[in-house]
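Spelled out from the first residue to the last, the chains are:
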Amino acid sequence: MGRPSDVIIGLEVGAREIRATGFDPAGRELGAARRPLHARPLGSGRVELDPVRAWQTAVRVIHELAAAVPDLGRRTVALGLTGASGGLCLIDEDREPLAPVISPLDRRGWGASTGRDPGVPCTSNLLAALLRDRRGDLDHAALALDVKGWIHACLTGRPTRGTVDAALGFEDAAPGAGPHALDHLLPPAVSPRQTLGMCAAAAAMTGLRDETPVVLAPPAPLVAAAAAGAAEAGFEAAVAVLDDDAWLVRPPEPGVAAGGYVRLGPDLEERRLIAGGIGGAALDWLVGLAEDLFAAGGLIGLTRGELQTLIDERAGAARPGTHDVRGGPAGGAGPWMLNGLGEASMIGDLARAIYEGIGFAARAGLEAEGGPPREIRLAGSIVARAPARAIIPACLGAATRELHRSAPATVGAALHAARAIHEVSDLEAGADAWITPFLAPPAAPDPALVELYRGVFERWRRS
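Worth saying up front: this structure is predicted, and the values here are computed from it rather than measured.

Our focus in this paragraph is the overall build of the protein chain. The helix and strand inventory of the protein chain stands at 14 helices and 19 strands. The buried share of the protein chain, taken over its 463 residues, is 58%. Contacts in the protein chain between residues far apart in sequence, at least 24 positions, make up 69% of those at least 6 positions apart. Here the protein chain has roughly 18200 Å² of accessible surface; of this, 53% comes from carbon and sulfur atoms.

Take the packing of helix 7 (residues 220-230) against helix 12 (residues 408-420) next. It is the contact of helix 7 with helix 12, at a shortest axis distance of 7 Å, that shows an interaxial angle of 80 degrees. In terms of their interaxial angle, helix 7 and helix 12 are classed as roughly perpendicular. In this structure, helix 7 uses Ala 220, Val 223, Ala 224, Ala 226 and Ala 227 to contact helix 12, whose residues at the interface are Pro 408, Ala 409, Val 411, Gly 412, Ala 413 and His 416. By residue class, the composition of the contact of helix 7 with helix 12 is nine nonpolar, two polar and no charged.

Further remarks concern the packing of helix 1 (residues 51-68) against helix 5 (residues 147-156). A packed helix pair is summarised by two numbers, namely the angle formed by the two axes and the spacing between the axes. As a packed pair, helix 1 and helix 5 sit with axes 10 Å apart at the nearest point and diverge in direction by 65 degrees. By the angle between their axes, helix 1 is roughly perpendicular relative to helix 5. Judged by the twist between their axes, the crossing of helix 1 over helix 5 is right-handed. When helix 1 is examined against helix 5, the residues Pro 51, Ala 54, Trp 55 and Ala 58 are found in contact with a partner set consisting of Trp 150, Ile 151, Cys 154 and Leu 155. For the contact of helix 1 with helix 5, a count of residues per class yields eight nonpolar, no polar and no charged.

A pair can form between side chains of opposite charge whenever their charged atoms are brought close. Applying the stated rule across the entire model yields 13 salt bridges. The salt bridge involving Glu 48 is made with Arg 40; its shortest N-O contact spans 3.8 Å. Overlapping salt bridges, with partners in common, bring together Glu 12, Glu 17, Arg 19 and Arg 34 in one network.

Among the structural elements, Ala 68 can be located in helix 1. It is 8.1 Å that separates the C-alpha atoms of Ala 68 and Ala 33, two residues lying 35 residues apart in sequence.

So, about helix 5. Counting buried residues along helix 5, 10 of its 10 residues qualify, which places the element largely inside the surrounding structure. Residues of helix 5 that are buried: Val 147, Lys 148, Gly 149, Trp 150, Ile 151, His 152, Ala 153, Cys 154, Leu 155 and Thr 156. The first or second residue beyond helix 5 is Gly 157, which carries a positive phi of 75 degrees.

It is worth spelling out the environment of Ile 102 at this point. With respect to the secondary-structure elements, Ile 102 resides in strand 8 (residues 101-102). Residue Ile 102 is classed as buried on the basis of its relative accessible area of 2%. Separated by 55 residues in the primary sequence, Ile 102 and Val 47 have C-alpha atoms spaced 6.1 Å apart.

A few words on the sheet that holds strand 3 (residues 29-36). Spatial strand order, 3-2-1-6-11-10: six strands in an open sheet with mixed pairing. The open sheet has two edge strands, strand 3 and strand 10 (196-197), and neither has a second partner. Each of strand 1 (7-13), strand 6 (76-83), strand 10 and strand 11 (213-216) touches helix 5; the most contacted strand, strand 6, lies at about 155 degrees to it.

Residues other than glycine seldom take positive phi values, yet Asp 71 does so here, at roughly 55 degrees. Take Asp 71: it is sitting in the loop between helix 1 and helix 2 (72-75). A positive phi angle is found at Arg 95, which is not glycine, with a value near 65 degrees.

Overall, the coordinates contain zero disulfides when judged by the stated rule. Unpaired in this structure, Cys 154 has its nearest cysteine sulfur neighbour in Cys 89, at a distance of 7.7 Å.

Pairing of strand 18 (residues 375-380) with strand 19 (residues 399-402) involves four bridges; the strand directions are parallel. The partner of Arg 377 across the bridge, within strand 19, is Arg 401. Handedness of the crossover is the feature at issue here: the chain leaves strand 18, passes through helix 11 (residues 386-396), returns alongside strand 19, and the resulting connection is right-handed.

All right, on to the nonpolar core then. The nonpolar side chains of a soluble globular protein tend to be buried, and buried together. The biggest cluster of nonpolar side chains holds 38 residues, and the ones touching the most others in it are Leu 11, Trp 55, Leu 79, Ile 151 and Leu 155. No other element matches the seven residues that helix 1 contributes to this core.

Quick look at the pairing of strand 2 (residues 17-23) now. The element strand 2 is largely enclosed, with a buried count of seven among its seven residues. On strand 2, burial covers both faces: Glu 17, Arg 19, Thr 21 and Phe 23 on one face and Ile 18, Ala 20 and Gly 22 on the other are all buried. Hairpin remark: strand 1 followed by strand 2, antiparallel, with three residues in the connecting loop. Taken together, the seven bridges between strand 2 and strand 3 define a ladder with antiparallel strand orientation. Each bridged residue has a counterpart across the sheet, and for Phe 23 the counterpart in strand 3 is Glu 29. The antiparallel pairing of strand 2 with strand 3 creates a hairpin that spans five residues between the two strands, and Gly 27 there sits at a positive phi of about 90 degrees.

A word on the sheet that holds strand 5 (residues 46-49). One open sheet holds the three strands; their spatial order is 4-5-8, and the pairing between them is antiparallel. Single-partner strands in this sheet number two, and they are strand 4 (40-43) and strand 8. Sheet topology places strand 4 next to strand 5; three bridges connect them, and they run antiparallel. In the strand pairing of strand 5, Arg 40 is matched with Glu 48.

Take Thr 160: it is sitting in the loop between helix 5 and strand 10. Considering only alpha carbons, one finds Thr 160 and Pro 187, 27 residues apart in sequence, at a separation of 5.3 Å. Here His 152 takes part through its side chain, which lies 3.0 Å from a polar atom of the side chain of Thr 160.

What counts, and where the lines are drawn
- Residues numbered from 1 in each chain as written.
- Predicted model: local features only at pLDDT ≥ 70, side-chain atom pairs only at ≥ 80, totals over all residues.
- Heavy atoms only, no water.
- Helix = DSSP H or I, 4+ residues; strand = E, 2+ residues; numbered from the N terminus.
- Buried < 20%, exposed > 50% of the residue type's maximum accessible area, 1.4 Å probe, protein only.
- Contact = heavy atoms within 4.5 Å.
- Areas by Shrake-Rupley, 256 points an atom, 1.4 Å probe, with all protein chains shown as cover.
- Axes fitted to C-alpha atoms, helices over the stretch in contact; angles between N-to-C directions.
- Parallel < 35°, antiparallel > 145°, perpendicular 65-115°, else oblique.
- Nonpolar A, V, L, I, M, F, W, Y, C, P; charged D, E, K, R; others polar.
- Left-handed = near helix turned anticlockwise from the far one by under 90°.
- Salt bridge = Lys/Arg side-chain N within 4 Å of Asp/Glu carboxyl O.
- Pairing = 2+ DSSP bridges.
- Disulfide = S-S within 2.5 Å.
- Right-handed = clockwise from strand over helix to strand, strands pointing away.
- Core = buried A, V, L, I, M, F, W, Y, C linked by side-chain atoms within 4.5 Å.
- Polar contact = N/O pair within 3.5 Å; in protein donor to acceptor, adjacent residues only side chain to side chain.

All we've got here are geometric facts, nothing functional implied.
Pasting the structure below:
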């Protein structure tokens, strides 16, 4: 294993914020930092980011991590980078951005144009949308990157394609164009085994060492699932909650046909990803709504954390099974719908409805994929919320194990980096130190709630 002073950084470029966590080679957390990404909603589902500001935010997050981890620049032996699926940054031959970055939150990135997984937002869909819109930036673009790919290019000076987008073509990019019509815009793919050294300019800005290995890991939902034990033998399923999406990840089963196969890494079997019907989970937007409501009413002084606590308390006190949220079909990218919410409903009812919707959508996905497993692992911000920890397992009707990590995607990114620099031999071997100590024992859901939600789920599914 590594030396006591080694630090491995996990950097997550999410849809709403950038997070960084420093770990020692045994997976112990040394410090963390996070900063919001300021996206610009433009209407009709369009969301943009300032590319320079996104890079500067990543730099500031690393500097804030350095304040928490002494001598970070000298001690860092690798940086693992992950991020939200999708998004698009067009760059010219000088590797300068041509236009604002399209955020992973942009709805044009969702669709079935790849023919592989209609629930996963990807850069290829955005490229196809721009081509249909005849946007002039495409005429001057040399390369197209997703958002984490843009940050990776800033760190290394070498644009490379994300590990999942590398497998995605451009079906129906233009009438009659056929697959891979825009493939020339994508840079070569980088293997998770391959590392690129940090370029001198990025080293000077971040305070890290020149040539520090940078590892491009799979997208955040997948590495969060890896941080919940997806590389372990016997892994069954994980619900990973990141930003405002929840992702259900489980291994494929022989004889079960379903789309959405991806690779978590070079030493893992393919894992099945179900997404699109599960979302709105982190409640960040709900807390933002509460902030706006309080501000409009002239009520100030509550912190964001206090608002979240208040919402969770209201959700915990709300009557169970009376309000639910429905997403699209399992594996699809349907919009969210709210049921059973009337004029008398309060913000706690909405929070409970979202927790119930996550549980029901996950259950529907699991049943479509061969039935619920014996154990489901919960990873992400949802683990910190008591109402969610009670409601979601009851909706699923399965025992759960919680991953007590504040930012599981940074754990997965750092674990991939540890694998790339041979601090661990493979992801499964790293689980003993990086994952197992942070997993709570299996907990059975409340039998009364399970029975209640079984009936609610049947009515939900019939409707």
